[in-house]
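# Coordinate analysis (summary)
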Amino acid sequence: MPNTFHRDRLTWLAYLLLALYAYFLNILGPITPFLKSEFNLSYTVSSLHFTAFAAGVLIVGLAGHLLIQRIGRWRAAWIGSFGMSLGALFLILGKTPVITVGGCLLMGMVGSLILAIVPATLSEKHGELRAVAFSESNVIASMFSAVAPLLVGWFAGLVVGWRLAIGLAALAPILMYISFRNASSPAASAAHTPQSSDQPPLPLLYWVYWLAIVLAVSAEFCMIFWSADYLETVLGMQKAGAAQAVSLFLGGMIIGRLASSRLVQRFTVSHVVTGSILLAGLGFLVYWQGGSAFLGMLGLFVTGLGIASLYPLTLSLSMEAARGNTVQASARATLASGAAMLVLPLVLGRLADKIGIASAYGMVAVLLGCLLLIILGAGKYRS
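Residues numbered from 1 in each chain as written. Predicted model: local features only at pLDDT ≥ 70, side-chain atom pairs only at ≥ 80, totals over all residues. Heavy atoms only, no water.

### What to know about the overall build of the chain
The test is simple: Secondary structure elements follow DSSP: runs of H or I of four or more residues count as helices, runs of E of two or more count as strands, with numbering from the N terminus. Relative accessibility thresholds used throughout: buried, under 20% of the residue-type maximum; exposed, over 50%; partly exposed, between the two (1.4 Å probe, protein chains only). A contact between two residues is defined here by any heavy atoms of the two lying within 4.5 Å. Note that accessible areas follow from Shrake-Rupley with a 1.4 Å probe, and for residues the cover is restricted to the protein chains shown. Neither His nor the chain ends is counted toward charge; the positive residues are Lys and Arg and the negative residues Asp and Glu. A single reference atom marks each charge: NZ on Lys, CZ on Arg, CG on Asp, CD on Glu.
The number of helices and strands found in the chain is 17 helices and 0 strands. The principal-axis extents of the C-alpha atoms in the chain amount to approximately 50 × 45 × 30 Å. Residue burial in the chain is summarised as follows: out of 383 residues, 59% are buried. In the chain, of all internal contacts separated by at least 6 residues, the share reaching a separation of at least 24 is 86%. A total of about 14700 Å² of accessible surface is found on the chain, and carbon and sulfur atoms cover 68% of it. Averaging the positions of the 21 positive and the 11 negative side-chain charges in the chain gives two centres separated by 3 Å.

So this is what it looks like as structure tokens:
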């Protein structure tokens, strides 16, 4: 493996675009209790905000690569970033769940072009060091994600209200375009032009890792989307404090992804993923069965440490298995993320309405167990 990892302006642009996407995505969980109270919603209806976003991700996963090939990679990326801001305005200004859910759909449907573009760009640019690039990009994304619940909780206690946490981020694409538009110009990104549609089918091993992405993302977002509500309703925390406590999970993810970006340079990606799953499982048991706010927050942090590397490293394994078909592989990986975000948090919310959030949360343990079996099985197949 090459020893030098170089970050140019195009790499930093990819990192920041993913960070913007992650901020908007991860702010949905912390604001859900506020929307639930304002509109008097059930768990199932509350989860439609996240489900609508995920439905948009699913659309991009199915057809996004065709649009990217037609209009160009970076034009699509800028459309995605400004489209997320437009959807955020609907979320801020909406007075009924129909409008706010529609805003989430727009954010997911247009913004997720970023999610299809960034992995392909980083994979092509950094080659065998793609796992480092994926880990680093997700470290920065996690940092922005961790800020989201803190701002929601902080602004919720002020006169301006929690919506300002969304409004400020909606201005970011303007600043990014002013600073980085030359980095994404045709001349600067000539080596990263869209692939033709005449590509061989993705191999079976890719689809095995695709399923691993589904499970990893499902576990991650079941934690992000429902942990604030779990901390409030089961462990007795105040609403604003519970929203802010989600940052413990996201903070753990920052540290975990920093560590994984170094570990993959010393150990195989499969070994790092296996250790991460075991750590996540241990943390989740403390969070789920601890029975107190302190143990819940401790377990939330440890779970974040473990879950941190699951998405970027399973994504790296899938892109490696794609044999150069990066655009289609990246779009299909977006489909995996969309399917996970669409189905699992909604299923958990539905279960919570039926049997309570405490019992429903056991689904995360099942997801982690299945993911471990797939990684171990795929590792034996590769060897």
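### Brief notes about the confidence of the model for the chain
Where we set the bar: Scored between 0 and 100, pLDDT is the confidence that the predictor attaches to each residue.
In this model, the chain carries an average pLDDT of 84, and 94% of its residues clear a pLDDT of 70 or more. Low pLDDT (under 50) marks residues 190-196, which in the prediction has 19 contacts with non-local residues, meaning those over four places away or in another chain.

### What to know about unusual backbone geometry
In this structure, Asn40 takes a positive phi of about 55° despite not being glycine. Position of Asn40 among the secondary structure elements: in the loop between α1 (9-39) and α2 (43-46). Overall, Asn40 belongs to the exposed group, its relative accessible area being 71%.

### Concerning the packing of α1 against helix α3 (residues 48-71)
Stated precisely, the cut-off is as follows: With axes taken as lines fitted to C-alpha atoms, and helix axes fitted only over the stretch in contact, angles between N-to-C directions fall between 0 and 180 degrees. Each angle is binned into one of four classes, with values under 35 degrees roughly parallel, values over 145 roughly antiparallel, values of 65 to 115 roughly perpendicular, and all other values oblique. Gly is put with the polar residues, along with every residue not named as nonpolar or charged; the nonpolar set is Ala, Val, Leu, Ile, Met, Phe, Trp, Tyr, Cys and Pro, and the charged set is Asp, Glu, Lys and Arg.
Relative to each other, α1 and α3 sit at 155°, their axes nearing to 9 Å. As summarised for this structure, α1 and α3 are arranged roughly antiparallel, according to the angle between their axes. On α3, the residues that touch Tyr21, Leu25, Leu28 and Leu35 of α1 are His49, Phe50, Phe53 and Val57. The class makeup of the residues in the contact of α1 with α3 is 7 nonpolar, 1 polar and no charged.

### Some remarks on a nonpolar patch on the surface
Threshold: Like charges within 9 Å and nonpolar side chains (Val, Leu, Ile, Met, Phe, Trp, Tyr) within 5 Å are joined into patches, using only residues over 30% in relative accessible area that form no salt bridge. When a carboxyl oxygen of Asp or Glu lies within 4 Å of a side-chain nitrogen of Lys or Arg, that pair is called a salt bridge.
Among the surface-exposed residues, Leu86, Leu89, Phe90, Leu93, Val98 and Ile99 lie close enough to one another that they form a single nonpolar patch of about 580 Å² accessible area. Every element with two or more residues in the nonpolar patch is listed here: α4 (73-93) and α5 (97-111). Among the elements that make up the nonpolar patch, the one with the highest residue count is α4 (4 residues). For Phe90, the location among the structural elements is in helix α4.

### Some words on the environment of Ser292
Note that Ser292 resides in the loop between α12 (269-289) and α13 (293-307). With a relative accessible area of 27%, Ser292 lands in the partly exposed category. Along the backbone, Ser292 and Met319 are 27 residues apart, and their C-alpha atoms lie at a distance of 41 Å.

### Regarding the environment of Ile375
In this fold, Ile375 is placed in helix α17 (residues 363-382). Residues Ile375 and Ser292, 83 residues apart in the sequence, show an inter-C-alpha distance of 33 Å. Leaving out residues up to four positions away in the same chain, Ile375 has contacts with Tyr209, Ala212, Ser270, Val273, Thr274, Ile277 and Thr314.

### Description of the packing of helix α10 (residues 204-233) against α12
Rule in force here: Should the near helix be turned anticlockwise from the far one by less than a right angle, the crossing is termed left-handed; should it be turned clockwise, right-handed.
For the pair α10 and α12, interaxial distance at closest approach is 13 Å and the crossing angle is 25°. Looking at the two axes, α10 sits roughly parallel to α12. Of the two possible hands of crossing, α10 and α12 adopt the one that is left-handed. For the pair formed by α10 and α12, the contact residues are Tyr209, Met223, Ser227, Tyr230 and Leu231 on the first element and Ser270, Phe284, Tyr287 and Trp288 on the second. Classifying every residue of the contact of α10 with α12 by side-chain character gives 7 nonpolar, 2 polar and no charged.

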